[in-house]
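Summary of structural features
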Amino acid sequence: MIEELKRGLTTRSPEDTEAAGRALAGELPPDITLALSGPLGTGKTTFVRGLARGWGIRETVISPTFQLYAVYDGDRRLVHFDAYRLESPEAADDLLIEDFLEPPYTLVVEWPEKVAPWLPEPCFQLLFGITGEHRHIILLNEEMP
Ligand SMILES: Nc1ncnc2c1ncn2[C@@H]1O[C@H](COP(=O)(O)OP(=O)(O)OP(=O)(O)O)[C@@H](O)[C@H]1O
Ligand SMILES: [Mg+2]
């Protein structure tokens with residue numbers, strides 16, 4: 001899945017996008033950050049739902065709203081952070097997210113541009129976009145630019 005995502009993977013349904021996340025989960029090294037970039041409604045949260053399934057997490061991932069982030073435990077700890085409503089990058093420090101990064105973990109951040117200076121390394125970037133009706137694209141960059 002890593003190689004497919006590096007070339008750019010087109011998905012034709014939310015189920016496809018979830019399946020891609022599930023497949024990637026098994027290939028990701030532990031203790032990394034995944035930065036999910038892309039406009040509203042491009043499938044970022046849908047993809048995280050698949051990652052969670054891949055790590056045997058039973059709860060369904062929903063968009064973190066009031067709390068901005070949520071912690072899910074499975075074969076690996078998933079910390080899902082949606083920075084969309086964050087006031088400033090400095091405000092990320094107050095959330096104490098680092099305290100929840102117990103190995104093996106993956107920190108997944110939606111709207112990473114809002115917290116760019118804060119993102120823990122190593123960080124990989126996934127770009128999400130829409131190319132047509134129900135056609136979404138996901139592209140993996142090995143390092144944040
Ligand atoms: N191929 C596809 N892959 C993913 N989602 C799709 C696809 N086709 C249609 N959709 C729809 O697009 C929407 C994607 O929503 P999702 O919440 O995953 O996006 P998001 O990028 O997390 O948005 P936000 O920036 O608001 O958090 C869902 O309503 C989903 O049903
Ligand atoms: Mg989302």
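The coordinates are above.
Residues numbered from 1 in each chain as written. Chains lettered and ligands numbered in written order. Predicted model: local features only at pLDDT ≥ 70, side-chain atom pairs only at ≥ 80, totals over all residues. Heavy atoms only, no water.

**Structural notes on helix 2 (residues 14-25)**
An ideal rise of 1.5 Å per residue puts 16 Å on 12 residues; helix 2 measures up with 17 Å between its terminal C-alpha atoms. Regarding helix 2, the residues found buried are T17, A20, G21, L24 and A25. Mapping the buried residues of helix 2 onto a view down its axis gives an arc of 140°, with all of them on the same face. Buried residues along helix 2 sit in contact with helix 1 (2-7), strand 1 (9-11), helix 3 (44-54), strand 6 (123-132) and strand 7 (135-141). (Helix = DSSP H or I, 4+ residues; strand = E, 2+ residues; numbered from the N terminus. Expected span 1.5 Å × (residues − 1). Buried < 20%, exposed > 50% of the residue type's maximum accessible area, 1.4 Å probe, protein only. Arc of directions from axis to C-beta. Contact = heavy atoms within 4.5 Å.)

**Comments concerning the sheet that holds strand 6**
On the basis of which strands lie adjacent, the open sheet formed by seven strands has the order 1-7-6-2-5-4-3 and mixed pairing. Looking along the sheet, the strands with just one partner apiece sit at the ends: strand 1 and strand 3 (69-73). With strand direction ignored, the average angle separating the axes of adjacent strands in the sheet is 20°. Judged from the five bridges that link them, strand 2 (residues 32-37) and strand 5 (residues 105-110) form a sheet pairing that is parallel. Across the sheet, residue L34 finds its bridge partner in strand 5, namely V108. Strand contacts of helix 3: strand 2, strand 4 (77-82), strand 5, strand 6 and strand 7, with the helix running at about 170° to strand 5, the strand carrying the most contacts. (Pairing = 2+ DSSP bridges. Axes fitted to C-alpha atoms, helices over the stretch in contact; angles between N-to-C directions.)

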